[in-house]
Each structure stands twice: as C-alpha cells, then as structure tokens.
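The lines below spell out each chain.
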Amino acid sequence: MFCGVYGTVLASGLLAALDEKGGTYTPFSDAAWVLVTAITAALAHGYAHHMSGHRRDPSRRRWRLLAVELWHEWPMVAAALPTVLLLVLAGAFGWQAPGTTAVGLGLNTALLFGWGTALSLRRGSRLLPAVAVGAADAGIGFAIIVANALIK
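Since the structure is predicted, the reported quantities are computational estimates derived from the model, not experimental observations.

Colleague: So what exactly am I meant to see when it comes to the packing of helix 5 (residues 97-122) against helix 6 (residues 127-151) here?
Modeller: Geometrically, a packed helix pair is captured by the angle between its two axes and the distance between the axes. The N-to-C vectors of helix 5 and helix 6 enclose an angle of 155 degrees; their axes lie 7 Å apart at closest approach. Classified by the angle between their axes, helix 5 and helix 6 sit roughly antiparallel to one another. Crossing handedness for the pair helix 5 and helix 6: right-handed. Here the residues of the contact of helix 5 with helix 6 are counted per class, giving 15 nonpolar, nine polar and one charged.

Listed below in structure tokens is the structure:
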C-alpha cells in the first residue's frame, strides 16, 4: 500500500509538472518519463531499505536480500501505470494536454481514495472510518491539483 500511494503521488506530480503551458506537448515522451522515474524511484527506495538494514555479510545472502527488497517495490511502478497508459492514449488519440492532465490528476485522486478506503476496510475498520482514511489519502491528490492550478 505504501508503495502504491507513493507511486500514485509521484505519477501525479510528474503529470502536473510535465504539462507546460506554451511548450510542446509530447505525451509519449511524458509517459516514458513517468515510467522511468517510477522505476528509478522504486529501485532507489528498495536499495535504501536494504542499506538501512544492511549488516556486514559477505555472503551471497546479501544479494538475495537486496533482490527481495527491490522486488517489494513493484507496487510503486504498478501505481504509475494508469498515468502512463493515459499519456499513451493521449498521444495515440491526439488528446490535448490540459484535459489529459485534469483527467489524470482526477483519476489518481480517485485511486488514492479507493486504496485508502480498501486498505482500511481490509485492516478491520468500519465503513465510515475507512472512507475517512480514503478521503485523507485523496487529500494528497487534491493538494497536487490545487498546486498545479496555482503554479500554472
């Protein structure tokens, strides 16, 4: 869940930042940047986790543990895929940047809400507290939307 939220927020921030007014809109390139950044962030996050718990161990075991840590970061990349797919579709169908960005930010905010709610329910919360957790997660997406509007 942590990586899913992180990946969604990362994709939202990149989507907002890559939409430059007056610049050339390049949705395929933007999709590649979102994907490469998500993969790089996942690798860095997994490596940081590994190094923070790293003990001197000259054996092959340390490499296996690193591989396990890196594998556990796949949800961060998966969470960025809806944004990547949206940008690929925007390029394929000629959608304009402002509309694509608005849809992407709205979609990611809805995903944050859904994941927060679902995880809270899975951990045993009742519906209303779970929806409150989902709303708090969606607040992160809403903050990116507001920042995007203010900055641009």
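Let us keep going from here.
Colleague: What exactly am I supposed to notice about the packing of aromatic side chains here?
Modeller: Think of a pair of aromatic rings as described by two things: how far the centres are apart, and how the planes are tilted against each other in angle. Counted under the stated rule, the structure contains two aromatic pairs. Between Trp71 and Trp74 the ring centres are 6.5 Å apart and the planes differ by 35 degrees, which places this aromatic pair in the tilted class. Take Trp74: its relative accessible area is 47%, and that puts it in the partly exposed class. On the basis of an interplanar angle of 20 degrees and a centroid distance of 5.8 Å, the ring pair of Phe93 and Trp95 is categorised as stacked.

Colleague: Explain the nonpolar core to me, please; I cannot follow it from the model alone.
Modeller: Judged by nonpolar contacts, Ala11, Leu14, Leu15, Ala16, Ala31, Val34, Ala38, Ala80, Val84, Leu87, Leu105 and Ile144 together constitute the single largest core of 12 residues. The set of elements that each furnish at least two residues to this core consists of helix 1 (2-18), helix 2 (27-52) and helix 4 (74-93). No other element matches the four residues that helix 1 contributes to this core. Of all hydrophobic cores here, the second largest spans five residues; its members include Cys3, Ala42, Met76 and Val77.

Colleague: Quick question: what am I supposed to make of the side chain of Glu73 here?
Modeller: Among the structural elements, Glu73 can be located in the loop between helix 3 (61-71) and helix 4. Salt bridges are absent for the buried Glu73, whose nearest opposite-charge side chain, Arg123, sits at 14 Å. Side-chain polar atoms of Glu73 contact the side chain of His45, separated by 2.7 Å.

Colleague: Please explain the confidence of the model for the protein chain as it appears in this structure.
Modeller: Keep in mind that low pLDDT regions are not for reading the predicted coordinates in detail. Summary statistics for the protein chain give a mean pLDDT of 90 and a share of 96% for residues scoring 70 or more. Element-level mean pLDDT values for the protein chain span from 84 in helix 3 up to 96 in helix 4.

Colleague: Looking at this structure, I do not really get the environment of Leu85. What am I missing?
Modeller: Along the chain, Leu85 turns up in helix 4. We classify Leu85 as exposed; its relative accessible area is 51%. Sequence separation between Leu85 and Val133 is 48 residues, and the spatial gap between their C-alpha atoms is 27 Å.

Colleague: When you look at helix 1 in this model, what are you seeing that I'm missing?
Modeller: Three or four residues apart is the spacing at which side chains of an α-helix point the same way, because the helix has 3.6 residues per turn. For helix 1, built from 17 residues, the straight-helix expectation of 24 Å at 1.5 Å per residue is met to within 8% by its first-to-last C-alpha distance of 24 Å. For helix 1, the complete set of buried residues consists of Cys3, Gly4, Val5, Gly7, Thr8, Ala11, Ser12, Leu14, Leu15 and Ala16. Turning to helix 1, the residues buried within the fold contact helix 2, helix 4, helix 5 and helix 6.

Colleague: What am I meant to see in empty space enclosed by the protein here?
Modeller: Over the atoms, a rolled probe matching the size of one water molecule traces out where space is still vacant. Under the definition given, this model contains one cavity of 30 Å³ or more. Size it by volume and the largest cavity reaches roughly 50 Å³. A breakdown of the residues in the lining of the largest cavity according to their chemical character gives six nonpolar, two polar and two charged.

Colleague: Before we go on, may I ask you to explain the UniProt feature "transmembrane region" (unreviewed entry) in the protein chain in this structure?
Modeller: The positions UniProt marks with the feature "transmembrane region" (unreviewed entry) are residues 32-53, 74-95, 101-121 and 128-151. The straight-line gap between the two end C-alpha atoms of residues 74-95 is 29 Å; of that span, 91% is helix and 0% is strand.

What counts, and where the lines are drawn
- Once a new chain begins, its residue numbering starts again from 1 and follows that chain's sequence as written.
- Per-residue local features of the predicted model are confined to residues with pLDDT of at least 70, and side-chain atom pairs are confined, for both listing and counting, to 80 or more; whole-chain, interface and lining totals are unaffected and use all residues.
- To obtain the side-chain values, all non-hydrogen atoms of the structure were included, while hydrogens and water were left out.
- In this analysis an axis means a line fitted to C-alpha atoms, helices contributing only their contacting stretch, and an angle means the value between N-to-C directions, from 0 to 180 degrees.
- In DSSP terms, a helix is any run of H or I states spanning at least four residues, a strand is any run of E spanning at least two, and both are numbered starting from the N terminus.
- Should an angle fall under 35 degrees it is taken as roughly parallel, and over 145 as roughly antiparallel, whereas 65 to 115 is taken as roughly perpendicular and any remaining angle as oblique.
- Should the near helix be turned anticlockwise from the far one by less than a right angle, the crossing is left-handed, and should it be turned clockwise, the crossing is right-handed.
- Residues are grouped as follows: Ala, Val, Leu, Ile, Met, Phe, Trp, Tyr, Cys and Pro are nonpolar; Asp, Glu, Lys and Arg are charged; all remaining types, including Gly, are polar.
- Stacked, tilted and edge-to-face pairs are distinguished by plane angle, under 30 degrees for stacked and over 60 for edge-to-face with tilted covering the rest, among Phe, Tyr and Trp rings (Trp via its six-membered ring) whose centres lie within 6.5 Å.
- Three labels apply to residues, based on accessible area from a 1.4 Å probe with only protein chains included: buried if under 20% of the type maximum, exposed if over 50%, partly exposed otherwise in between.
- Remark: nonpolar core denotes a set of buried residues (Ala, Val, Leu, Ile, Met, Phe, Trp, Tyr, Cys) joined through side-chain atoms within 4.5 Å.
- Counted as positive: Lys and Arg. Counted as negative: Asp and Glu. His and the chain ends are not counted at all.
- Should a side-chain nitrogen of Lys or Arg be within 4 Å of a carboxyl oxygen of Asp or Glu, the pair is scored as a salt bridge.
- We define a polar contact as two N or O atoms separated by no more than 3.5 Å, with the added condition that, inside protein, one atom must be a possible hydrogen donor and the other a possible acceptor, whereas residues neighbouring each other in sequence contribute only through side-chain atom pairs.
- The predictor attaches a confidence to each residue, and that confidence, scored 0 to 100, is pLDDT.
- Under the convention used throughout, the expected extent of a helix is 1.5 Å for every residue step, that is, one less than its residue count.
- Residues are treated as being in contact if the distance between any of their heavy atoms lies within 4.5 Å.
- Residues are called lining when one of their atoms sits within 4 Å of a cavity or pocket point, these points coming from a 1 Å grid over the protein atoms alone, where a cavity is a set in which a 1.4 Å probe fits but cannot get out and a pocket is an open set with protein on both sides within 12 Å along at least five of seven lines.
- Grid points are joined across faces, edges and corners, and a volume is the space filled by probe spheres set on the points.
- UniProt positions are given in the numbering used here, feature names are shortened, and annotations may be inferred rather than shown by experiment.

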